[in-house]
Amino acid sequence: MNNKLNTKDLITTGIFTTIYIVIFFTCGMLGYIPILLVLLPLICPIVTGIPFMLFLTKVKKFGMVTIMGLIIGLVMFLTGHTFVPVITGLIFGLAADLIFKAGNYQSFRNSVIGYGVFSLFILGAMVPMWVMRDSYFVHMSSSMGTEYVNTVMALTPEWMFFVLIIIAFVAGIIGAFLGKSVLEKHFKRAGIA
Amino acid sequence: MNSEILQSSNTISNFKIDPRTKIIVLVILNLMVFGEAPLYATISMVSIPFFLLLFNKRKKVALIYISAYTLALLGEIFLVPATHGILNLLIVMITNLLVRMMPGIIMGYYLIVTTTVSEFLASMEKTRIPKMISIPISVVFRFLPTLIEEIRAILDAMHMRGIGLNLKTVKSPLTVLEYILVPLLINAVKTGDELSAASLTRGLGNPIKRTHICEVGFHIQDIILLTISVAALIIFLLFK
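Residue numbers run consecutively from 1 along every chain, following the written order of its sequence. Naming scheme: in the order in which they are written, chains are lettered from A and ligands are numbered from 1. Two thresholds apply to this predicted model, a pLDDT of at least 70 for residue-level local features and 80 or more for giving and counting side-chain atom pairs, whereas whole-chain, interface and lining totals are computed over all residues. Side-chain descriptors were evaluated using all non-hydrogen atoms of the structure, hydrogens and water having been removed beforehand.

Caption draft 1: Expanded view of the overall build of chain B. Secondary structure summary: chain B contains 10 helices and zero strands in total. Helix numbering and strand numbering both begin at the N terminus, where a helix is a DSSP run of H or I of at least 4 residues and a strand a DSSP run of E of at least 2. Ordered by position in the sequence, the α and β elements of chain B form the string α-α-α-α-α-α-α-α-α-α. Summarising its shape, the C-alpha atoms of chain B cover approximately 65 × 55 × 30 Å along the three principal directions. Accessibility here uses a 1.4 Å probe with only protein chains present; expressed as a share of the type maximum, an area under 20% marks a residue as buried, one over 50% as exposed, and anything in between as partly exposed. Considering chain B as a whole, with its 240 residues, one finds that 45% of them fall into the buried category. Between two residues, a contact is recorded if the distance between any of their heavy atoms is within 4.5 Å. Within chain B, counting contacts between residues at least 6 apart in sequence, those at least 24 apart form 77% of the total. For chain B, the computed accessible surface area is about 13,600 Å², with 71% contributed by carbon and sulfur atoms. Here the accessible surface of atoms and residues is derived via Shrake-Rupley with a 1.4 Å probe, and residues count as covered only by protein chains that are part of the display.

Put into structure tokens, the structure is as follows:
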């Protein structure tokens, strides 16, 4: 067995990345309601857990999850986020990949923790809200109107960021368990997992 | 849209643009519409996909796009400061979606329907982007329309069995999610197997350098487009 990614792996990665992106952005639309913007790190990882766990059954080599994170980051950059998701996608994708590799892409415990880590990349879209707070909200009010911005500002005090990290990680773990149960219920029986 | 995805480049007019130009224009266009660019610079960028679609005989999409964009822009300028409360949120939601997202989506639509996978891969190989990045990205571009088509078909089928957006589904969102995601994923895995079989037959898995039958390269139209985009970007950066 050679460890280099072949064309079949790359195509599998592309297909699951597409599914992830479509589901992710459908959930992301909920962010137009101010309260749900803060809850996005909770909702998205849970829903995307199902395709991701199926994707993991196809991953046997190092690098596929990293590429997935990178491409998701690039797509987020193209659809109007800052460049930060590209970096976080790469970093957390790589970290998740290392965790999966430590479990030889077999261990269930590693895949749960790895998906939790991978889910943290979503914070890349939210980091500017704290780091470049003033300019970010000025930019936001020009596009979303001042009422939306005032609501969001009230919802995001500084400590919220650390809460969100924990929320995203926990949501990733819940999503992984959900994905696992769907996997057992449907995909194993259909013979594609 | 379905028939358009399967078309190869030879049915489209000879007004060809290099995939790299399209991507650069897409990136700059997105930077401009989301940033705080002067209005005239944004409008000159926003009209690029309109003209491109017009030259590629997609008049209907082009006209719908430009009229919807104009309406949304006027709405954002005049209606948003004048309204309050829920109505304001609603108008902000709609105009923001149209003004910020639509130019990028239309440019992306143009990119997808006029670029064949082989053209894209050829241009990526010319720029020496590693296969590990270019192949998954080309799959994403190629597979996205198919996936949306598939989701629509699944929603139709589920609607026939009474599973859709109604009161019952609000009570059990997870079940609905399962009913939609499971067939989608099973389909996607099958499509993936077929796609990799097809591309392996075409020699995508070969380690040696591939030759290409389609010609990619920068021509006069690419240079014009790039000049406009870069000029708009410079104006955007200077007057920020």
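Caption draft 2: Main features of empty space enclosed by the protein. The rule is simple: put a 1 Å grid over the protein atoms alone, call a set of points where a 1.4 Å probe fits but cannot get out a cavity, call an open set with protein on both sides within 12 Å along at least five of seven lines a pocket, and count a residue as lining if it has an atom within 4 Å of a point. Grid points are joined across faces, edges and corners, and a volume is the space filled by probe spheres set on the points. Per the counting criterion, the structure on display carries two cavities of 30 Å³ or more. Its boundaries defined by the atoms lining it, the second largest cavity holds a volume of some 60 Å³. Every residue along the wall of the second largest cavity is listed here: Lys8(A), Thr12(A), Ile15(A), Phe16(A), Lys58(A), Ala188(B), Val189(B), Gly192(B) and Asp193(B). The classification used treats Ala, Val, Leu, Ile, Met, Phe, Trp, Tyr, Cys and Pro as nonpolar, Asp, Glu, Lys and Arg as charged, and all other residues, Gly among them, as polar. Class assignment for the residues of the lining of the second largest cavity results in four nonpolar, two polar and three charged.

Caption draft 3: Examining the nonpolar core more closely. Only buried Ala, Val, Leu, Ile, Met, Phe, Trp, Tyr and Cys residues count toward a nonpolar core, and they belong to the same one when joined by side-chain atoms within 4.5 Å. If you look at the biggest cluster of nonpolar residues, it comprises 81 residues, and the most contacted ones within it are Ile19(A), Tyr20(A), Phe52(A), Phe55(A), Ile72(A), Phe118(A) and Met129(A). Of the residues forming this core, the biggest block, 12 residues, is contributed by helix H2 (residues 34–58) of chain A. For Met129(A), the contacting residues outside a window of four places in its chain are Leu37(A), Tyr136(A), Phe137(A), Val152(A) and Thr156(A). Of all hydrophobic cores here, the second largest spans 33 residues; its members include Ile28(B), Leu53(B), Tyr69(B) and Met101(B).

Caption draft 4: View of the packing of helix H4 (residues 59–78) of chain B against helix H5 (residues 85–114) of chain B. Residues and elements named next belong to chain B. To obtain each axis, a line is fitted to C-alpha atoms, and for helices this fit is confined to the stretch in contact; angles are then taken between N-to-C directions over 0 to 180 degrees. It is at 8 Å that the axes of H4 and H5 come closest, and there the two elements cross at 155 degrees. Taken as axis vectors, H4 and H5 run roughly antiparallel relative to one another. Seen along the crossing, H4 lies across H5 with a hand that is left-handed. In contact with Val61, Tyr65, Ala68, Tyr69, Ala72, Leu73, Gly75 and Glu76 of H4, H5 contributes Thr95, Asn96, Leu98, Val99, Arg100, Met102, Pro103, Ile106 and Tyr109. Of the residues in the contact of H4 with H5, the class split is 12 nonpolar, three polar and two charged. Comment on the angle field: the value is read as roughly parallel under 35 degrees, roughly antiparallel over 145, roughly perpendicular from 65 to 115, and oblique elsewhere. Put simply, a crossing is left-handed when the front helix is turned counterclockwise from the back one by less than a right angle, and right-handed when it is turned clockwise.

Caption draft 5: Highlighting the interface of chain B and chain A. On the chain A side, the residues contacting the 48 residues of chain B number 42 residues. Here the quantity called buried area is the accessible surface, traced with a 1.4 Å probe, that two parts lose on coming together, added over both. Carbon and sulfur atoms supply 80% of the area that chain B and chain A bury against each other, a total of about 3,900 Å² over both sides. Contact with chain A buries surface across chain B, with Phe34(B), Leu185(B) and Val189(B) losing the most and accounting together for 14% of the total. Definition used for salt bridges: Asp or Glu carboxyl oxygen within 4 Å of a side-chain nitrogen of Lys or Arg. Where chain B meets chain A, there are two salt bridges. Between Glu178(B) and Lys185(A) there is a salt bridge, and its shortest N-O distance comes to 2.9 Å.

Caption draft 6: Here's a closer look at the packing of aromatic side chains. Aromatic contacts are taken between Phe, Tyr and Trp rings whose centres are within 6.5 Å, Trp giving its six-membered ring; a plane angle under 30 degrees counts as stacked, one over 60 as edge-to-face, and the others as tilted. On inspection of all chains with the given rule, the structure shows 17 aromatic pairs over all chains. Ring geometry for Phe108(A) against Phe177(A): centres 5.5 Å apart, planes inclined by 80 degrees, an arrangement best described as edge-to-face. Remark: Phe177(A) occurs in helix H9 (residues 160–190) and Phe108(A) occurs in helix H5 (residues 108–119); sequence separation between them is 69 residues. Residue Phe177(A) is classed as partly exposed on the basis of its relative accessible area, which comes to 47%. Ring plane angle 45 degrees and centroid distance 6.4 Å describe the contact between Tyr65(B) and Tyr69(B), whose orientation is recorded as tilted. Here Tyr69(B) and Tyr65(B) lie together in helix H4, a separation of four residues that amounts to about one turn. Tyr69(B) carries the same exposure label as Tyr65(B), and that label is buried. Among the aromatic residues, ring-to-ring pairing joins Phe16(A), Tyr20(A), Phe24(A), Phe25(A), Phe52(A), Phe55(A), Phe100(A), Tyr115(A), Phe118(A) and Phe121(A) into one connected group.

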